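# Structural overview for review
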Amino acid sequence: MEDTKNLTQLEIDNIIDETINLSIISKLLKLNIITEKQFFILKEKIKSFY
């Protein structure tokens with residue numbers, strides 16, 4: 001028996017948005033635009049938003 005979940009469009013949109021936001025802050029960290037501390041603060045804010 002397969003365990004699959006049908007996602008709603010809102011859930012899909014939220015996953016995409018969260019992924020994009022995490023990608024952006026990761027890039028900012030790699031470019032040394034933000035510090036590692038700022039990265040983790042922003043990451044937690046993003047995670048709690050979704």
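Attention in this report is confined to the structure presented alongside it.

With that out of the way, let us pick up the overall build of the chain. Summing up its helical and strand segments, the chain has two helices and zero strands in all. In terms of C-alpha radius of gyration, the chain reaches 14 Å, well past the compact-globule figure of 10 Å for 50 residues. Taking all 50 residues of the chain together, 12% fall into the buried category. Charge centroids of the chain, computed over 7 positive and 8 negative side chains, lie 12 Å from each other.

We now examine the pattern of salt bridges. Between side chains of opposite charge, a pair can form when the charged atoms approach closely. As enumerated under the stated definition, the model contains two salt bridges in all. A salt bridge links Glu11 to Lys5; its shortest N-O distance comes to 3.2 Å. Since its relative accessible area comes to 28%, Glu11 is described here as partly exposed. Taking relative accessible area as the criterion, Lys5 reaches 59% and is therefore assigned exposed.

Quick look at the nonpolar core now. Considering soluble globular proteins, one finds that nonpolar side chains tend to be buried as a cluster. Membership of the largest hydrophobic core is limited to five residues, which are Leu22, Ile25, Ile34, Phe39 and Ile46. Contributing elements (two or more residues each) for this core: α1 (9-30) and α2 (36-49).

Residue placement: Glu18 occurs in helix α1. Within polar-contact distance, the side chain of Glu18 engages the side chain of Lys47 at 3.2 Å. Excluding anything up to four places from it in sequence, Glu18 contacts Ile46, Lys47 and Tyr50.

This part is about a nonpolar patch on the surface. Where nonpolar side chains cluster on the molecular surface, the patch consists of Leu7, Ile12, Ile15, Ile16, Ile20 and Ile24 and spans about 490 Å² of accessible area. Along the chain, Ile20 falls in helix α1.

Let us look at the packing of aromatic side chains. Per the stated rule, a full pass over the model turns up two aromatic pairs. When the ring of Phe39 is compared with that of Phe40, the centres are 5.1 Å apart and the planes differ by 80°; the resulting orientation is edge-to-face. Relative accessible area serves as the criterion here: at 11%, Phe39 is assigned to the buried category. Judged by centre distance (5.0 Å) and plane angle (85°), the ring pair of Phe49 and Tyr50 falls under edge-to-face.

Calculation notes
- Residues numbered from 1 in each chain as written.
- Predicted model: local features only at pLDDT ≥ 70, side-chain atom pairs only at ≥ 80, totals over all residues.
- Heavy atoms only, no water.
- Helix = DSSP H or I, 4+ residues; strand = E, 2+ residues; numbered from the N terminus.
- Rg over C-alpha atoms; globule rule 2.2 N^0.38 Å.
- Buried < 20%, exposed > 50% of the residue type's maximum accessible area, 1.4 Å probe, protein only.
- Lys, Arg positive; Asp, Glu negative; His and termini not counted.
- Charge placed at Lys NZ, Arg CZ, Asp CG, Glu CD.
- Salt bridge = Lys/Arg side-chain N within 4 Å of Asp/Glu carboxyl O.
- Core = buried A, V, L, I, M, F, W, Y, C linked by side-chain atoms within 4.5 Å.
- Polar contact = N/O pair within 3.5 Å; in protein donor to acceptor, adjacent residues only side chain to side chain.
- Contact = heavy atoms within 4.5 Å.
- Patch = residues over 30% accessible without salt bridge, like charges linked within 9 Å, V, L, I, M, F, W, Y side chains within 5 Å.
- Areas by Shrake-Rupley, 256 points an atom, 1.4 Å probe, with all protein chains shown as cover.
- Phe/Tyr/Trp six-rings, centres within 6.5 Å; stacked < 30°, edge-to-face > 60°.

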